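# Fold and contact review
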Amino acid sequence: MTAKIQGAQAPASAPAGALPATAAPAATAARVQWLRDELERHNYQYYVLDAPTIPDAEYDALFGELQALETEHPDLLTDESPTQRVGGAPLSAFDTVRHRVPMLSLNNGFDDEDVIGFDRRCAQGLGRTAAAAPAEDLFSAAEVADSAVEYACELKFDGLAMSLRYEDGKLVQAATRGDGETGEDVTVNVRTIKAIPLKLRGKAPAVLEVRGEVFMYRAEFDKLNERQAEAGEKTFVNPRNAAAGSLRQLDPRITARRPLSFFAYGIGELQGAERPPTHSVMLDGFATLGLPVCGERQVVKGAQGLLSFYREIGARRDQLPYDIDGVVYKVNAVPEQEQLGFVSRAPRFALAHKFPAQEMTTVVEDIEVQVGRTGAITPVARLAPVFVGGVTVTNATLHNEDEIRRKDVHVGDTVIVRRAGDVIPEVVAVVLERRPEGARAFVMPTACPVCGSHIERLEGEAIARCTGGLICAAQRKQALLHFAQRRAMDIEGLGDKVVEQLVDQGIVHTPADLYKLGVAKLAALDRMADKSATNLLAAIEASRETTMNRFIFALGIRHVGEATAKDLAKHFGKLDNLMAADEAALLEVNDVGPVVAQSIAGFLAEPHNVEVIEQLRAAGVHWPETEPMARAPLPLAGKTFVLTGTLPTMSREDAKERLEAAGAKVAGSVSKKTDYVVAGAEAGSKLERAQALGVPVLDEDGMLALLAEVAQMEQQGGAEPENAQ
Ligand code: I6G
């Protein structure tokens, strides 16, 4: 909840945070009520208006104060208090709930024709005549007929349908959809979801059943899986499964720790208020009552409007912060919805227009390994062809040996494959029930399949590597492709097929050999016409003039991406300065930590790498050089930190990166020389040792505050922070 601080207004008689615990009950009750209203207001700002006004730490302080007052005065405790979202005692089973108004499903559409047909049926049912234009004409028609039907368009979130029952504005029941007639009573779990108000704002109807979707934001899902993995617990396949698994916990305290969210989209039972005249007015009304509604919605006219919405959302689908599997269209006017009615339990006035599935099942026919530029061995699943995410997929990365073990992938398994946007397809999970007899476990080869060199996996590393270096043709090919890519030396025309032949025929061994090529050698390659050979040669020629950051990036040093290459070029100004730098000097470069520094120093310590650099310079590869940048040492240089336990929001790896970027060293064990221990939940012996040695202990917030403080100091000229010893 990080955002600008607006300063919460406490009641006039009680300044924020100043009320003593022993205050008179009336004043305490007022303070308790004020804290509750304030916390709910922040929830509303955050979940409904998407405009948070308070940083996490301040929210936590208000929450802590409320908890303390309620502990001291249990008579003040109510079910609606935000403190009651932490989850009570575990259940033995969920009760069954009969939905007073059934939770219907929607008819699905998959292509333009389905949408045009839907619009035509709605228009005819309402006594209007829909333009029977073919799909391609729909977008050329400049105007929409006045008689066109008006629709409310929304997203179809990939979560779990939920019915929330509010009586006199208070949440009294939450039930899953189940079979649409009966669902499960998950009230105790749903009460832990902060996005769902326990009490509606303003004037609420006597009974309001809100229908909507419980889901998980992708970023929260990733963090949850990171925490699960760090704690050695099972990770989830996708946000939908994580949301479903979290809601179906019998112990609500577990649900309370899961980052669930909610969007409202419909009404079930309603008493004591008129139904809103349109679907879009209903959605706006939800927001007024404090219920989160997705902002990605639009009112359109006719099939043309529907298809434009579909295309516009489809183009942004992968950038949305949550998973969706389609969009939903509903006739906007409620009387028109009633006029159209239902057919076999699905409304005639609504359509779910589905996007191509991003997950499908298929069979792993084999697992092979690929050798990358740095020798990294990546196991790849060869799959029975499957249409997923809009393309036919036959390969999916399995990342590394540990991932294969974690996901327990065998040859012969049926697996779920995911392909979202341009991301490389990956195997997300095995359907264990469908494992055939004789399914074969993967064994990492001990020798490189390309050069036969030994494959090694260093302790603490997830990746196994071919030790062949430049004698390995696979590594050489990848290194050349990396060198030639657009963002590096930008040699157009030097693609897979050409590199393959140049390496296999022994014509090119290192990038420097590219500058010795002539037209005749290139034109002799398979499928290389004279014209292509001349163009390629011209591209190689043009690449001689480059920039220092492109050149550094092109060298393919492990852990040196484009951003680091830029930082290095800016910092050292001249290549010779970089080549003379030791690890300590490299650590002074912006964003370079020990791992990157070690990798660069290791690369430059190899005589054959230096030789290639010299050959490239001798071949005329050049760039403008500048003066090195003068830079003060990083603010936490010389300080040693130890991380232990599970931090509430960051992985230890992230925390380590942040500290190292500020110049600190992160060590594995606590000693007298340790400056700080950063401890999270379930910190063990390291925390005890720090306490015994009197080493200062910070929690995650304390560490972030220190980092913010030193960053500010640095901007102001580099004085030591007050609490950095
Ligand atoms: O209006 C809606 C938006 C999104 C929906 C809906 C939805 O699914 C995520 N699902 C149903 C079943 C209904 N309206 C009726």
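All values reported here derive from a predicted model rather than from experimental measurement.

### Topic: helix α23 (residues 652-661)
- Three or more residues of α23 are buried, namely Ala655, Leu659 and Glu660. Relative to the axis of α23, the buried residues are bounded by an arc of 130° and lie together on one face.
- In this structure, the buried side of α23 is in contact with α21 (594-605), β23 (640-644), β24 (665-667) and α25 (700-715).
- Just past α23, the residue Gly663 takes up positive phi, approximately 100°.

### Notes on the side chain of Arg476
- Counting through the fold element by element, Arg476 comes out in helix α13 (residues 473-484).
- Buried charged residue Arg476 carries no salt bridge. Nearest counter-charge: Asp513, at 7.3 Å.
- Setting aside anything within four residues of it in sequence, one finds Arg476 in contact with Leu470, Ile471, Val503, Val508 and His509.

### Brief notes about the confidence of the model for the chain
- Confidence in the prediction for the chain averages 89 pLDDT; 93% of positions are at 70 or higher.
- Between residues 1-21, whose pLDDT stays under 50, and residues either more than four places distant or in other chains, the model counts 44 contacts.
- Low pLDDT, under 50, characterises residues 718-725; the predicted model gives this stretch 20 contacts beyond four residues in sequence or across chains.

### Regarding the sheet that holds strand β26 (residues 697-698)
- Spatial strand order, β24-β23-β25-β26: four strands in an open sheet with parallel pairing. If you trace the sheet from one side to the other, it starts and ends with β24 and β26, each paired once.
- One ladder, built from two bridges, connects strand β25 (residues 676-679) with β26; its direction is parallel. Bridging across to β26, Val678 finds its partner in Leu698.

### As for the pattern of salt bridges
- Inspection of every chain in the model, using the stated rule, returns 41 salt bridges.
- Glu65 serves as the salt-bridge partner of Arg31, at 2.8 Å between the closest nitrogen and oxygen. One end of the pair, Arg31, is in helix α1 (residues 25-48); the other, Glu65, is in helix α2 (residues 56-72), with 34 residues separating them in the sequence.
- What makes Arg31 buried here is its relative accessible area of 1%.

### Describing the site of the ligand
- Near the ligand, the surroundings consist of Leu104, Leu106, Glu154, Leu155, Lys156, Phe157, Glu213, Tyr265, His279, Val328 and Lys330.
- Take Glu154: an N or O atom from its side chain is 2.7 Å from an oxygen atom of the ligand.
- Take Tyr265: an N or O atom from its side chain is 3.4 Å from a nitrogen atom of the ligand.
- Protein coverage of the free-state accessible area of the ligand, which is 370 Å², stands at 87%.
- Elements with a contribution of two residues or more to the shell around the ligand: β3 (150-157) and β10 (324-331).
- Per element, the largest residue contribution to the shell around the ligand is four residues, and it comes from β3.
- Of the residues that constitute the shell around the ligand, the class distribution is six nonpolar, one polar and four charged.

### Comments concerning the pairing of strand β15 (residues 377-388)
- Judged from the seven bridges that link them, strand β14 (residues 359-371) and β15 form a sheet pairing that is antiparallel. Looking across to β15, one finds that Ile367 is bridged to Ala381.
- Where β14 folds back on β15, the antiparallel hairpin that results is connected by five residues, among which Gly375 adopts a positive phi of roughly 85°.
- Summarising the sheet, β15 and strand β16 (residues 391-397) pair through six bridges and their orientation is antiparallel. The residue of β16 that forms the bridge with Arg382 is Asn395.
- Between the antiparallel neighbours β15 and β16 lie two residues, among them Gly389 with a positive phi of about 60°.

### Points about the nonpolar core
- Among the nonpolar cores identified, the biggest contains 53 residues, and Ile491, Leu514 and Leu568 are the most heavily contacted of them.
- For this core, the secondary structure elements donating two or more residues are α13, α14 (496-504), α16 (530-542), α17 (548-554), α18 (562-572), α19 (575-580), α21 and α22 (607-618).
- Leave out the neighbours within four places in its chain, and Leu514 touches Leu480, Phe483, Ile491, Leu494, Leu502, Val508 and Ile540.
- Formed by 36 residues, the second largest nonpolar core is a distinct cluster that contains Ala174, Phe221, Ala242 and Leu283.

Rules of the game
Residues numbered from 1 in each chain as written. Predicted model: local features only at pLDDT ≥ 70, side-chain atom pairs only at ≥ 80, totals over all residues. Heavy atoms only, no water. Buried < 20%, exposed > 50% of the residue type's maximum accessible area, 1.4 Å probe, protein only. Helix = DSSP H or I, 4+ residues; strand = E, 2+ residues; numbered from the N terminus. Arc of directions from axis to C-beta. Contact = heavy atoms within 4.5 Å. Lys, Arg positive; Asp, Glu negative; His and termini not counted. Salt bridge = Lys/Arg side-chain N within 4 Å of Asp/Glu carboxyl O. pLDDT = per-residue confidence, 0-100. Pairing = 2+ DSSP bridges. Near = heavy atom within 4 Å. Polar contact = N/O pair within 3.5 Å; in protein donor to acceptor, adjacent residues only side chain to side chain. Areas by Shrake-Rupley, 256 points an atom, 1.4 Å probe, with all protein chains shown as cover. Nonpolar A, V, L, I, M, F, W, Y, C, P; charged D, E, K, R; others polar. Core = buried A, V, L, I, M, F, W, Y, C linked by side-chain atoms within 4.5 Å.

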